[in-house]
Amino acid sequence: MGKQIRKQKKSSIIAGAFFRFALYLCVVVCIIYIGKSAYDFGYEIFNQETMDNEENGRDVTIVIKEGDSPYQIGKTLKKKGLIGDPKIFVAQEMLSSYKGKLQMGTYILNTSMTPDEMMEIMARENTEGQPDQTNVGGKAKEGSSEIQDGSSSSPKEVDESSQEEGGGES
C-alpha cells in the first residue's frame, strides 16, 4: 500500500509540474503578444506613414462639423482613405502641438500627407491651397463657396471676388 501512495504522489507531482509549466508558457506568450501589440501601436503613432506616395496622392475634400471629436474626425479621415486607424489618429493628435486646435470647416487634404500635415491644415496653421472659410465681414463660415458651388476657382480668385463684393474697402 505504501508503494501505491508513492506512485500517486509522483504522478500528482508530475501533473502539477506540467500544469505549472503550461501556465508559465501561457503567461510568457501573453506578455509577448501584449508587448508586440504595444510596440506596433507606438510605432504607428510616431512613424507617421502616408496612405499613398507623392506621385499617387489624390486630393480629398472633408468637412469637419462643429463639436466633432478627434475620434470622429479620425473616422471621417479613415472613411475618405486618408489614414489607416482613427484610434492612432487620436493618439497622434493628443501628442502633437495641435491638441484641441482642430477647427470646423471644409478642407482639401491629400492621401500623400502625413497625419501631422493634415492636423496643421485642420488647425488652420497652414491654409495654403485651402478653400476660403470667411464671409465678407471676416467671420468664419462653415464650408466654402468654392466647393459648394462646384466652381474650380483658385483660392486667390475667391479672395479677389470676395473683395470686389465687399467694395474693396480695407
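Scroll up to find the structure.
Residues numbered from 1 in each chain as written. Predicted model: local features only at pLDDT ≥ 70, side-chain atom pairs only at ≥ 80, totals over all residues. Heavy atoms only, no water.

1. Some remarks on the overall build of the chain
Move 1: Looking only at helices and strands, the chain features six helices and two strands.
Move 2: Long-range contacts, defined as pairs at least 24 residues apart, comprise 56% of the intrachain contacts of the chain with a sequence gap of at least 6.
Move 3: Entry remark: accessible area of the chain is about 11,900 Å², with carbon and sulfur atoms responsible for 55%. (Helix = DSSP H or I, 4+ residues; strand = E, 2+ residues; numbered from the N terminus. Contact = heavy atoms within 4.5 Å. Areas by Shrake-Rupley, 256 points an atom, 1.4 Å probe, with all protein chains shown as cover.)

2. Here we look at a positive patch on the surface
Move 1: Judged by side-chain charge, Lys-65, Lys-75, Lys-79 and Lys-80 come together as a positively charged surface patch.
Move 2: Checked against the element boundaries, Lys-65 lands in the loop between strand 1 (59–64) and helix 2 (70–79).
Move 3: Note on Lys-65: relative accessible area 53%, which makes it exposed. (Patch = residues over 30% accessible without salt bridge, like charges linked within 9 Å, V, L, I, M, F, W, Y side chains within 5 Å. Salt bridge = Lys/Arg side-chain N within 4 Å of Asp/Glu carboxyl O. Lys, Arg positive; Asp, Glu negative; His and termini not counted. Charge placed at Lys NZ, Arg CZ, Asp CG, Glu CD. Buried < 20%, exposed > 50% of the residue type's maximum accessible area, 1.4 Å probe, protein only.)

3. Brief notes about unusual backbone geometry
Move 1: If you check the backbone angles, Arg-124 has positive phi at about 60° while not being a glycine.
Move 2: In this fold, Arg-124 is placed in the loop between helix 4 (115–122) and helix 5 (145–148).

4. Some thoughts on the packing of helix 3 (residues 86–95) against helix 4
Move 1: Relative to each other, helix 3 and helix 4 sit at 65°, their axes nearing to 11 Å. When the axes of helix 3 and helix 4 are compared, the crossing they make is right-handed. Contacts between helix 3 and helix 4 involve Phe-89, Gln-92 and Glu-93 on the former and, on the latter, Pro-115, Met-119 and Met-122.
Move 2: By residue class, the composition of the contact of helix 3 with helix 4 is four nonpolar, one polar and one charged. (Axes fitted to C-alpha atoms, helices over the stretch in contact; angles between N-to-C directions. Left-handed = near helix turned anticlockwise from the far one by under 90°. Nonpolar A, V, L, I, M, F, W, Y, C, P; charged D, E, K, R; others polar.)

5. Brief notes about the pattern of salt bridges
Move 1: The full count for this structure, using the stated rule, is two salt bridges.
Move 2: When the shortest N-O distance is used, the salt bridge between Lys-36 and Asp-40 registers 2.9 Å. Separated by four residues within a single helix, Lys-36 and Asp-40 lie in helix 1 (residues 2–46), roughly one turn from each other.
Move 3: What makes Lys-36 exposed here is its relative accessible area of 52%.
Move 4: Judged by its relative accessible area of 33%, Asp-40 is partly exposed.

6. Some thoughts on the packing of aromatic side chains
Move 1: Across all of its chains, the model carries two aromatic pairs by this definition.
Move 2: Taking 5.7 Å as the distance between ring centres and 65° as the angle between the ring planes, the aromatic pair formed by Phe-18 and Phe-19 counts as edge-to-face. Neither Phe-18 nor Phe-19 differs from the other in exposure class; each is exposed.
Move 3: Taking the centre distance of 6.1 Å and the plane angle of 25° together, the rings of Tyr-39 and Tyr-43 count as stacked. Highlighted residues: Tyr-39 and Tyr-43, both in helix 1, separated by four residues, approximately one helical turn. (Phe/Tyr/Trp six-rings, centres within 6.5 Å; stacked < 30°, edge-to-face > 60°.)

7. Some thoughts on helix 4
In an α-helix there are 3.6 residues to a turn, and that puts residues three or four apart on one side.
Move 1: Among all positions of helix 4, only Pro-115, Met-118, Met-119, Ile-121 and Met-122 are buried. Each buried residue of helix 4 sits inside an arc of 160° when the element is viewed along its axis, so together they form one side.
Move 2: Residues of helix 4 that are buried make contact with strand 1, helix 2, helix 3 and strand 2 (105–110).
Move 3: The first or second residue beyond helix 4 is Arg-124, which carries a positive phi of 60°. (Arc of directions from axis to C-beta.)

8. Here's the deal with helix 3
Move 1: Those residues of helix 3 that fall on the buried side of the exposure criterion are Pro-86, Ile-88, Phe-89, Ala-91, Gln-92 and Glu-93.
Move 2: For helix 3, the N-terminal cap is Asp-85; the gap from its side-chain oxygen to the backbone nitrogen of Lys-87 is 3.1 Å. (Polar contact = N/O pair within 3.5 Å; in protein donor to acceptor, adjacent residues only side chain to side chain.)

9. Concerning a nonpolar patch on the surface
Move 1: Taken together, the side chains of Leu-23, Tyr-24, Val-27 and Ile-31 define a hydrophobic patch exposed on the protein surface, amounting to about 420 Å² of accessible area.
Move 2: Here Val-27 is to be found in helix 1.

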